[in-house]
Structure formats: C-alpha cells, structure tokens
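# Analysis of the macromolecular model
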Amino acid sequence: MKNIFKRINYRHFIAVALTVAFALLAIFIYNRSYIRFYESLQDIYTSGKYYIHELFYDSANDVLATVIEPSRLEFGDIFPIDFETFKAHLAEFWRLLFTGENFYAFLFYSSKFLLIFNILLTFGILLYVSFKILLGNLLRTPNDKRNVDTLPLKAFKKVETFFGVIAGWFKELFSFFGEHKYLKLWLWIWLFNLNIVPIIAEVIAYLFYFVASFDLAHLYIQFYKLICDLFIMLSGLPWYIWTVLAMFLINVYRRNVAFNNLNHYENYDTGFARSLGIATMITAPMNGNKTKLATDLSLTFSKIYRYDARETMRKCETQFKHFPFSLLNETLSEKIEKHELYSFATIEKFIAERKDKFYRAFEENGANATPENFIWGYDFEKFGFSYDNKLYLIGLFNMLEEYSKAYFIYTMSGSFIVSNYAIREDCVLDIFVNLPKCDYDFFHRDSSMLDVFSYYSKILDFDVLRKGKTVIKDNPLSDTFEFGIVTITEFDKDRGNQLDTKGLKRDDSEANQLNDLFNYSPKMARHSSTVDFTPYTRYILDLQRAMKTEADVREICDCVLNVQGKDGGKLAMPLFFVEEFLYGVIAERYAAFLDDYDFYHANNTLYGYLAKKIFGGFLNFYRNTYNLFGYDVLKIDVQNGALESSGNAHDYYIMYKKAHSDRYATDCYGWFFRDEALKKDKGISDYPAFGCSKATRAELHAENSYFIRALERVSKNKSKTNKKELDEKEKNRS
Amino acid sequence: MNNKKFIFAILKIALLIIGVVILAYLFFTWGQVKL
C-alpha cells in the first residue's frame, strides 16, 4: 500500500483533493445551478418533444413546453416576473432617470465609493510625493562600490528566492494539472457551478420551441429567466474574482483577434504576391525598406510554392483516386534521400524509365509479365490509364511526372530561396508516417526555439544564372537552376546600366555583363520550372533606382514596386489602451530615473532593482507585445517595367513577427568593412578634430578634397606661396 | 513617447470611465424603481 502511494505523483492527491473541494462546493454552495441545469434539460426535452409533435403530428397542443414557464427556484423580487409589471417598471425607470432627485441620490450613493477613492487618492499622492522626495535624496547620494548589493537588496533577494521557489512549485503544479487534463475537468465543473451551461441549454430549448410555435408572447419569460440565471452566475463569485477572470478573458480575446488580424494581413500580402509576375523589381532610397520587402516577398513566395505544390498533389490524388500514392511517396523519398532524384530533370528521367519498362513488360504479355510492378501495383486494367478533365485526357505517366515534381517541391528540406544575402526560413516539415505536413505559420513560432527549426537561403552563385560566359569556367553549378526564388539585393551594383558597362566588350574572353547572357535566365525561367502549368520561379531584385539598370532587364520585370514610405508602428491587437496609457506615463520617467541612477550609482540598490523589475518589466512587456503583434504598412507605388504606366498605390503589410525575427542582416556586407578596418590601428576617435569654428588652412588641407586641392593650386599660382611656408605660418600661429 | 497613441489612450480611458458611470447610474435607477 505504501509503495502505491510512493509510486503515484503526490500532485495527483492535490488534484483529487481540489476536485473533491469543487464537488463539495457544488453541493453546498452552487446547488441552485444544478437545479437550474436539471430544469434546462427538462426544457430541452419538452421543447424537443413539442418540436417533433408539431412537425410530425400536426399539433403539439397536448405537449407542455416547460421552457415557457419560470423556474421553480425563488428569486425574490430581483426582476418583475410578468411583462405588464416590467412595462410599468420601465416607464417608472425612464421617468426617474431624468429627475434631479434621482441623480442627487445617485451622487449621494456613489459618494461612498468616491470617499474610498478619495482616501486612496490622497494617500497615493502623499505616498508618491514623500517617496519621490526620499527617493530623490537616495538617488542623488553617490555610491561608487561597483556591483555591490546594498543590505536591503540582499535581504529582498533572499525573500524573493524563497517566494520564487514557491512560485516555481505552483507553476509546475499548474502545468501538471494541464498535462493530466485536470484543468479541463475543473473548467467543466465551474461551467456548471457558475450556471453557464443552463444558460446555453435554455437558448437551445427555446429555439426548438420557437421554430415550432412562433410564440413571441413568451419571449419575456425567456428574458426573465436569463436575468435570473445571470444573477445566479454573477453572485457565484465575489466581484474581484470576476474582475480578474474578465481581464484574463479579455486578454485571451484580444490575442485571438490579433492573431486573426495578422493572418488576414498575411493573406492580403499573399494575394498581392500572387498577382506579381516572374520578375519583380523593388526600388526605394537608402533605408527605404526595399530589402525588407524583398525578403518578406521571398518568404511569402516560398510559402506559396509549398501550398501550390500540395494543391497539385491533392489534384492528382483526387483524379487517380485508386493509385497507391503512399508507395510512390516512399520510392520518391528514398530516391531523394539517396540523391538519385535531385532535380526536375532527374525526376522526369526516372518516370520516363518507369514508363519504358512498363510498356516493355506490357508488350511481352507473357505469363510472367507484371507491368503493374513498374507503376507501384496500380490496377490499370480495372481503373484505367487516364483521367478526363473535360479539356483533355491526363495520362497516368503525365500525372506521375507532375505529382513527383510537386512532391519534390513540397517535401524539400531546405530553402527554395537562392539569394546573394542570407535569409532565415522556418517552415516546419512535420514528418510522421507518409507525407510530411508543412507548417508556415509565421506568427506562432517560439522565438526561444528559433535555432531548432531555422534554415537559411541558398547561396546565389551568379554563374547559375549566366547562360553565356561564366566567371568560373565550366562551373559545376552552371545550368543547374530549375526552380526557386532568386532574391538579389543591390542588383544595380552587380549589373549596372548602359553607362556603367560602356568600356566592356561582348567578345571579351572573360565573363562580363554584356556576354554572360544573364537576362536569358529570367526570360526563360518559366520553361525550366513549370509544374502543372504553374511556374515555380520568381526573380526579386532590389535596387535604389530602376534607371540604374539596363532597359532590357528592367522591362523583363512586369512590376516595379517603388516603396514610397510607410505608416509604421501599428498594433494588430485591440483593447491595448490601458497599457498604451501606462507606457506614456512610465517610459519617459523610467528613462530619466535610469539616467540619474546610472549617473550616481555604481552599486545595486533595492529601489533600482525594483524599478527595473516592475517598470522595466512593464516596458519589456509593452515592447514584446509590439514585436509580436506590431506591423508597418508600406505604401507602394506599382508601375510596369517600362516605367510608362501611371503607378497604382498598394499597401503591403510588414508584420514584425514575420519580417523582423532575425530574417536577414541589414548589414549583410559588413565583413568587408570589418576586415579592412581590423588591419588599421585607428578609429573615428583618432581622427584629428577642428580647432575652432573656422577651419585653418592646414585643417582644410588635411581633408584631401579635390575642391580644396584645386583652391590651393589657384592660390599657389597667384601668391606663389608654397606649402612649406604655409606650414611654418601655421606652426607659428599655434 | 508616441504622443498620438498616448492621447488616444487617455480618450479611450475617459470613455471607459464615462461608460462605467452611465451603466452604474442606469443600474442604480433601476434599483430605485418602486411601484
């Protein structure tokens, strides 16, 4: 017996004790709710009976629908029971509402609360003022003991550790209750205890009764019963617990709305991305969010590709519903893993070989010929070889080819994005029995687990896009690019326009912008990347000015998106105004406090610790909320590639949780500057500074500016003063 | 501090308080009704 107790987690006993306590509460305190529950069940039964009688026996006169009768419980005079009295009450209510004495009575009545409020306010202000004076003195008493805790802080930390252990225990207990479904059980107990289930049951009962009887005369009694039920519900818990509960529910509600809003914006962006052609150019001045937009669009396309590939697979599965796709999936996944299938070309070849083998076996027609072995055992004699989609016949092998290519896209582990800067992706491929499930929910990702499911875009070797001469002769990656999202930042700097490439020659032995036939890649992209009539290639090019590229590549782009500006710092979550107000009150004061605190103190004090914990904690919460649910609206001007059309205005939503979660480095070329700078032993702090507001001649000379040099030359010619003399004069002056 | 957001927050809180007071007055008046 003792062993059994030892083996069972002690938390189960707590859970059982709590369950028993709730059940006892149900019997002794909330028994009215259960009487109401019984009545509501009775109401549903009689209403259902009434409904069936009315529907199948023509008349339900002999059935008494108890839903139109008041409860047997006594409620005193909380509300008038019949409609006539209610009307009289209502008339009196309206009369009273606009009378002076009632208003004064209200003021007198509320003065009780006002008094409490006043006392609290006065004490609050007194506390605040005295605290501020005290704190001001404490704050301005300097202390230079670096990182030494004061005695009160030491004591507080000890107490905190103690309570932290208790809080940790409770937290663990709570998650234990959640894991073992106790929370669900208690939720149901309390839905009954607080009379919430009967309210819903009564609505159902009245619906049954009403659709059969169209009896509006008894509507009032439903209202009366609802008031009584709400009375039972609200009196079930004290007001402060209701307040906490309401705040909790409001928080759940507003977070749900926020996630819905983010999903809505994401769908809006996806719709916009789908409307774009194969190549898209993004232009904006420096710091104009163009790389951010390019990255966001790339992620959106990546999601679209997996969804579209899956849609193609679904279509194939529906059209050839007797084909054993799970066996095909197994073969494909094995061959992809062994690197036998790694491109559309190899997949097409594989299916063509299968087709060849199948027909050879089919033509043999001997007793040992088993052609179905080459089509994964599909019973082609029974289920046929083709599907008629009312446009044309889809052959089995055509379908297999499209399905296999779609499978390759859908299940590819790693990124489709091929870019000249790193982009982080986090599509989770959930692999279970047969086909993996891909999850592209950008908004529910646990940021502390990013490392676990992150992968990065493929390095763009520009040679893969060069159909002509390549920088690396016989580059092994040449001609391997079939599908994917090519994202190029600072595109103009790589390609340049006609002026930039003026000195270059087409017949140069080395690859250059004129002889590498780069533009053929986006032009012919569709032909290598199409699966089921959908091209799986996009070129997203970002640059500062569209005219900085040559006309040909510009006009390949069906759209030039010019980022005009943004409406930033919005929040997708409603009902955040109290926090917004608190932030307005706290942020500046906290900043001023911290400035003073860090100025006077090298040690750690209790009030500094508390301020960081409470106010700093709130600021962290506020900023994290914006990180999760914040978004910017980019104002985009959409033009065609020839830049002839008048632009269409479009809004693009940049959601922080999707676009800012370590997606790319805004300083992606940083290493170049760092490596060079490390070779030197000087930095900006070592630069010589001007001596006064008017520069001396030597200071101007130190600028090494073309302009100053030109001025110096002119001046030298005129006055024949050489630099040596100038330096001497300067020396004398200093 | 984003001034616009702060001012809107104050306005919303004011509206909330006014709403609560009006609701309290309505409930109070209903309680006063005697026939």
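Relevant structure appears above.
All of the points below concern the structure found in this document.

Reading the values: rules and limits
- Residues numbered from 1 in each chain as written.
- Chains lettered and ligands numbered in written order.
- Predicted model: local features only at pLDDT ≥ 70, side-chain atom pairs only at ≥ 80, totals over all residues.
- Heavy atoms only, no water.
- Helix = DSSP H or I, 4+ residues; strand = E, 2+ residues; numbered from the N terminus.
- Buried < 20%, exposed > 50% of the residue type's maximum accessible area, 1.4 Å probe, protein only.
- Rg over C-alpha atoms; globule rule 2.2 N^0.38 Å.
- Contact = heavy atoms within 4.5 Å.
- Areas by Shrake-Rupley, 256 points an atom, 1.4 Å probe, with all protein chains shown as cover.
- Lys, Arg positive; Asp, Glu negative; His and termini not counted.
- Charge placed at Lys NZ, Arg CZ, Asp CG, Glu CD.
- Buried area = accessible area lost by both parts, 1.4 Å probe.
- Salt bridge = Lys/Arg side-chain N within 4 Å of Asp/Glu carboxyl O.
- Polar contact = N/O pair within 3.5 Å; in protein donor to acceptor, adjacent residues only side chain to side chain.
- Nonpolar A, V, L, I, M, F, W, Y, C, P; charged D, E, K, R; others polar.
- Axes fitted to C-alpha atoms, helices over the stretch in contact; angles between N-to-C directions.
- Parallel < 35°, antiparallel > 145°, perpendicular 65-115°, else oblique.
- Left-handed = near helix turned anticlockwise from the far one by under 90°.
- Patch = residues over 30% accessible without salt bridge, like charges linked within 9 Å, V, L, I, M, F, W, Y side chains within 5 Å.
- Expected span 1.5 Å × (residues − 1).
- Pairing = 2+ DSSP bridges.

## Examining the overall build of chain B
Counting its regular elements, chain B contains one helix and zero strands. Taken along the three principal axes of its C-alpha coordinates, chain B extends 55 × 10 × 5 Å. Counting all 35 residues of chain B, 23% fall into the buried class.

## Quick notes on the overall build of chain A
Within chain A one finds 26 helices and 16 strands. Taken over the C-alpha trace, chain A has a radius of gyration of 38 Å; the compact-globule value for 734 residues is 27 Å, which it surpasses by more than 25%. Structurally, chain A occupies a C-alpha span of about 110 × 105 × 70 Å along its principal axes. Contacts in chain A between residues far apart in sequence, at least 24 positions, make up 77% of those at least 6 positions apart. Accessible surface, chain A: about 44,900 Å² in total, of which carbon and sulfur atoms supply 61%. Where the 88 positive side-chain charges of chain A centre and where its 91 negative ones centre are 7 Å apart.

## Points about the interface of chain B and chain A
Contact residues are listed per partner, giving 19 residues for chain B and 28 residues for chain A. In this assembly, chain B packs against chain A so that about 2,100 Å² is buried in total across both faces, 81% of it on carbon and sulfur atoms. When the area that chain B buries against chain A is broken down by residue, the three leading residues are Tyr25(B), Phe28(B) and Trp30(B), summing to 32%. Linking chain B with chain A are zero salt bridges. The tally of links between chain B and chain A comes to five residue pairs in polar contact (both at pLDDT 80 or more). Among the residues making up the side of chain B that touches chain A, the classes are represented as 14 nonpolar, two polar and three charged.

## Some remarks on the packing of helix H12 (residues 325-337) of chain A against helix H15 (residues 396-411) of chain A
All names here are of chain A. Interhelical geometry of H12 versus H15 gives an angle of 55° and a closest axis separation of 11 Å. When the axis of H12 is compared with that of H15, the two are oblique. Classified by chirality, the crossing of H15 by H12 is right-handed. In this structure, H12 contributes Phe 325, Leu 328, Asn 329, Leu 332, Ser 333 and Ile 336 to the contact, and H15 contributes Met 399, Leu 400, Tyr 403, Ser 404, Tyr 407 and Phe 408. For the contact of H12 with H15, the residue count by class is nine nonpolar, three polar and no charged.

## Some points on a nonpolar patch on the surface
Residue and element names in this part refer to chain A. On the surface, Ile 4, Phe 5, Ile 8, Tyr 10, Phe 13, Val 159, Phe 162, Phe 163, Ile 166, Trp 169 and Phe 170 cluster together into a nonpolar patch covering about 1,000 Å² of accessible area. Elements supplying a minimum of two residues to the nonpolar patch: helix H1 (2-7), helix H2 (10-28) and helix H6 (151-179). Counting residues per element, the nonpolar patch draws most heavily on H6, at six residues. If you trace the backbone, Phe 13 turns up in helix H2.

## Concerning helix H3 (residues 31-56) of chain A
Residue and element names in this part refer to chain A. Helix length check: H3, at 26 residues, gives a terminal C-alpha distance of 38 Å against a target of 38 Å (1.5 Å per residue), a fit within 8%. Among all positions in H3, only Ser 33, Arg 36, Glu 39, Ser 40, Asp 43, Thr 46, Ser 47, Gly 48, Tyr 50 and His 53 are buried. Looking one or two places after H3, you find Asp 58, whose phi comes out positive at around 70°.

## Comments concerning the sheet that holds strand S1 (residues 279-283) of chain A
All names here are of chain A. Here eight strands make up an open sheet; going across it, the order is S9-S4-S10-S13-S1-S14-S15-S16 and the pairing mixed. In this open sheet, the two edge strands, each paired with only one partner strand, are strand S9 (458-459) and strand S16 (648-655). Across five bridges, S1 lies against strand S13 (residues 537-543) in parallel orientation. Bridge pairing in S13 places Ile 282 opposite Asp 542. Strands S1, strand S4 (417-419), strand S10 (484-489), S13, strand S14 (559-571), strand S15 (630-639) and S16 of the sheet are contacted by helix H11 (residues 290-319), whose axis makes an angle of about 170° with S13.

## Points about the pattern of salt bridges
All names here are of chain A. Under the criterion given, the structure shown has 39 salt bridges over all chains. In this structure, the salt-bridge partner of Glu 172 is Arg 11, at a minimum N-O distance of 2.6 Å. Remark: Arg 11 occurs in helix H2 and Glu 172 occurs in helix H6; sequence separation between them is 161 residues. You can call Glu 172 partly exposed: its relative accessible area is 43%. A salt bridge links Arg 310 to Glu 317; its shortest N-O distance comes to 3.4 Å. Using a relative accessible area of 29% as the deciding quantity, one classes Glu 317 as partly exposed. Taken together, the shared-partner salt bridges in this structure form one network comprising Arg 36, Glu 39, Asp 43, Arg 72, Glu 202, Lys 225 and Asp 229.

## Comments concerning the packing of H2(A) against helix H7 (residues 182-193) of chain A
Residue and element names in this part refer to chain A. Running from amino to carboxyl end, H2 crosses H7 at an angle of 10°, the nearest separation of the two axes being 10 Å. What the angle tells us is that H2 and H7 run roughly parallel. Here His 12, Ala 15, Leu 18, Thr 19, Phe 22, Leu 25 and Ala 26 of H2 lie close against H7, whose contacting residues are Tyr 182, Leu 185, Trp 186, Ile 189, Trp 190 and Asn 193. Broken down by class, the residue content of the contact of H2 with H7 amounts to ten nonpolar, three polar and no charged.

## Considerations on the pairing of S14(A)
Residues and elements named next belong to chain A. Here S1 pairs with S14 via four bridges, running parallel. Residue pairing in the sheet places Ile 282 in a bridge with Leu 561 of S14. Pairing between S14 and S15: nine bridges, direction antiparallel. Paired with Asn 562 across the bridge in S15 is Asp 637.

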